[in-house]
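Structural description and commentary
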Amino acid sequence: MKNSESEQNFYIESEEEDEEKELNRDGEDEADVNVTDSDDSLADDNRERSKTGSYNTSWPQSYRQSIDLYSSVPSPNLTFLGTPTLSRLSSSYLSSSLTRRHTPESLPTVVKPLLDKPEEERLPPQRRSSRSLLPPTLLRRSSSIRKDEKPPRVSHELPMSRQSSSGQALLNGFVGVDPFVRFSLLSPCLNVLCGVGILSTPYAAKEGGWIGLSILIIFAVLSFYTGMLLRYCLDSEPGLGTYPDIGQVAFGTAGRVVISIILYVELYACCVEYIILESDNLSSLFPNAHISLGGFELDSHHFFALMTTLAVLPTVWLRDLSVLSYISAGGVIASVLVVLCLFWIGLVDNVGIHSKGTVLNLGTLPVAIGLYGYCYSGHAVFPNIYTSMAQPDKFPAVLLACFGVCTVMYAGAAYMGYTMFGEETESQFTLNLPHDLVASKIAVWTTVVNPFTKYALTMSPVAMSLEELIPSNHMKSHMYAICIRTALVMSTLLVALSIPFFGLVMSLIGSLLTMLVTLILPCACFLSILRGKATRFQIAACIIIIAVGVLSSVYGTHSSLSRIIENLSK
């Protein structure tokens, strides 16, 4: 009996051992298949990353990071250059932007969106984007994926917290950027589209006449279309995320460098405009302000330009501009408030509203072309907005809403300002407002305060690009960064004092730089990248837009420079 029981136990144990061996063999086979799949996916990913990384190894590597900072609201962490305790974002000024010479640009995961996404819009990582690359953390999890399944993909270069739904992006377009979600977790689109350009739209109406307002509408339509062309360029190859990336694919490394320089010069010129803006408005509030030092006297314009420069200089030294990003998020709200004050003064306080204006001013129309063109200079950040959206198919609606709202605001301010002040309209309508009214004081002081939060955010991309050029043996020296940023700020003061003509400088920027960034280059890049896939309509439209951009640029630049030289000679 005992022998039979032991034999029975032996048979059972043997059967269990056999089953375990079979399971182990099956597991080993599956593991071999999974390892093979993982190796294949890793090899494919490495090939894709090597291709994608080539877009980020050329100067400027800091573009994506700096423009995202310009248009986003990172978590607050206020430190100065040289402070030892640094967050990853704050170290980007002197460490990340300089030492990560051969790594893709990335944003820190501490960046949080302004609004949390609804529960139904929180998609799992593998459904975020079909255009992005698989990060290493997910590669380790891909061992359980069979060959007949596609590996999950997530949005490249952006952490999960930077993803924004179409609703957020739409809000970004309406409230922010000032975004410059350029700079404020509000869309960089509106950061630029609803910036200081709105102050000069009545002056543009005076320079071009009422018919000239049609140019504003035409530029809005053309700029919207070229924004869509940038989207097509981004979709043409995986790994593209910025305007310089598009330029590199279209025209090689030279195209990347040239486009980057144009974009940086445009940002630098905006900082010059901020100095002129502050000088004009503060001197109108305090016309008798002056200072005498050792026989050297400064009038109100020069004095306030100098004071503004000294005030913004410490903000440029900040390594982390999170606090300024939060404040500048209200830039579009400030623009709306200024326009509302203009309407209040005209309709409620009954100031002006007596000028019929001129139908068409052919002699000064080119200046109006540059001013209207400047109003739509947001293309530098459109690729960043598109690649950060969880639902990229909503990008056209977001872009259309941004352009629609901005165009209505521009046209409304132009109409009200020109009818109120007529041929006496100044380059900034705040200079025409009577100082004894409460609405006027609100408008002027809002205009004065706003640039103080934007200056450092606008100058930082330029500074970071120059810091990349610091030799590797000196890149950890904080003094080099401080010297570069100080020199940039002081140079904007010298330029602003040399050509203190707000409207004409803005017209020059709009004619020379904005026409390139907004009209000419998107079409040229599109034709170069997608020349074999573009339809006849697209090719014809691009040729027409390039022709319009070139004519407007040449005509407007010549007229603006002639007026500037004429005023300087006086």
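Given the structure is predicted, the values throughout are model-derived calculations rather than measurements.

Rules behind the numbers
- Residues numbered from 1 in each chain as written.
- Predicted model: local features only at pLDDT ≥ 70, side-chain atom pairs only at ≥ 80, totals over all residues.
- Heavy atoms only, no water.
- Helix = DSSP H or I, 4+ residues; strand = E, 2+ residues; numbered from the N terminus.
- Buried < 20%, exposed > 50% of the residue type's maximum accessible area, 1.4 Å probe, protein only.
- Areas by Shrake-Rupley, 256 points an atom, 1.4 Å probe, with all protein chains shown as cover.
- Core = buried A, V, L, I, M, F, W, Y, C linked by side-chain atoms within 4.5 Å.
- Contact = heavy atoms within 4.5 Å.
- Phe/Tyr/Trp six-rings, centres within 6.5 Å; stacked < 30°, edge-to-face > 60°.
- Salt bridge = Lys/Arg side-chain N within 4 Å of Asp/Glu carboxyl O.
- Patch = residues over 30% accessible without salt bridge, like charges linked within 9 Å, V, L, I, M, F, W, Y side chains within 5 Å.
- Axes fitted to C-alpha atoms, helices over the stretch in contact; angles between N-to-C directions.
- Parallel < 35°, antiparallel > 145°, perpendicular 65-115°, else oblique.
- Left-handed = near helix turned anticlockwise from the far one by under 90°.
- Nonpolar A, V, L, I, M, F, W, Y, C, P; charged D, E, K, R; others polar.

What the protein chain contains, in helices and strands, is 19 helices and two strands. Sorting the 570 residues of the protein chain into buried and exposed places 55% on the buried side. With the model as given, the accessible surface of the protein chain reaches about 24300 Å², and the carbon-plus-sulfur share is 63%.

Within the largest apolar cluster, 120 residues are counted, with the highest numbers of intra-cluster contacts made by Tyr372, Tyr376, Phe382 and Tyr455. Ranked by residues supplied to this core, first place goes to helix α9 (residues 243-285) with 17 residues. Setting aside residues no more than four positions away along its own chain, Tyr376 makes contact with Leu193, Leu216, Phe219, Ala220, Ser223, Phe403, Thr407, Tyr410, Thr514 and Thr518. Counting residues in hydrophobic clusters, the runner-up holds six residues, among them Leu282, Phe303, Phe304 and Val444.

Considering the arrangement of structural elements, one finds Val196 in the loop between α6 (188-193) and α7 (201-208). In sequence terms Val196 and Ser335 are 139 residues apart; their C-alpha atoms lie 7.8 Å from each other. Not counting chain neighbours up to four residues away, the residues in contact with Val196 comprise Tyr274, Leu277, Tyr374, Phe502 and Met506.

On to the packing of aromatic side chains. By the definition in use, this model includes 13 aromatic pairs. With a centroid separation of 6.2 Å and an interplanar angle of 50 degrees, the aromatic rings of Tyr232 and Phe526 are classed as tilted. Remark: Phe526 occurs in helix α18 (residues 502-529) and Tyr232 occurs in helix α8 (residues 213-236); sequence separation between them is 294 residues. You can call Tyr232 partly exposed: its relative accessible area is 32%. An aromatic cluster is present here, built from Phe224, Tyr376, Phe382, Phe403 and Tyr410 joined pairwise through their rings.

Note that side chains of opposite charge can pair when their charged atoms are close. Inspection of every chain in the model, using the stated rule, returns five salt bridges. A salt bridge links Arg256 to Asp245, with the shortest nitrogen-to-oxygen separation between them at 2.6 Å. Here the two residues Arg256 and Asp245 agree in accessibility, since each one is buried. Taken together, the shared-partner salt bridges in this structure form one network comprising Lys206, Glu207 and Arg563.

As for its placement among the helices and strands, Leu497 is situated in helix α17 (residues 478-498). In the structure, Leu497 is positioned 192 residues away from Ala305 in sequence and 7.7 Å away in space, judged by C-alpha atoms. Contact partners of Leu497, with chain neighbours within four places excluded, come to His302 and Ala305.

Let us now look at a nonpolar patch on the surface. A cluster of nonpolar side chains, namely Ile211, Val359, Leu360 and Leu362, defines an oily patch on the protein surface of about 370 Å² accessible area. Looking at the secondary structure, you find Leu362 in the loop between α12 (331-347) and α13 (365-374). For Leu362, a relative accessible area of 59% gives the class exposed.

With that out of the way, let us pick up α7. When you tally the buried positions in α7, you get eight out of eight residues, the bulk of the element. By the burial criterion, the buried members of α7 are Thr201, Pro202, Tyr203, Ala204, Ala205, Lys206, Glu207 and Gly208. Taken together, the buried residues of α7 touch α13, α15 (395-421), α18 and α19 (536-569). Gly209 sits one or two residues past α7 and shows a positive phi near 85 degrees.

Another point: the packing of α7 against α15. When two helices pack together, you describe them by how their axes are tilted relative to each other and by the distance separating the axes. Interaxial distance between α7 and α15 falls to 7 Å at its minimum, and their mutual angle equals 65 degrees. One way to sum up the angle between α7 and α15 is to call them roughly perpendicular. Between α7 and α15 lies a crossing of right-handed hand. Contacts between α7 and α15 pair Thr201, Pro202, Ala205 and Lys206 from the former with Tyr410, Ala413, Ala414, Gly417 and Tyr418 from the latter. In terms of residue class, the contact of α7 with α15 is made up of six nonpolar, two polar and one charged.

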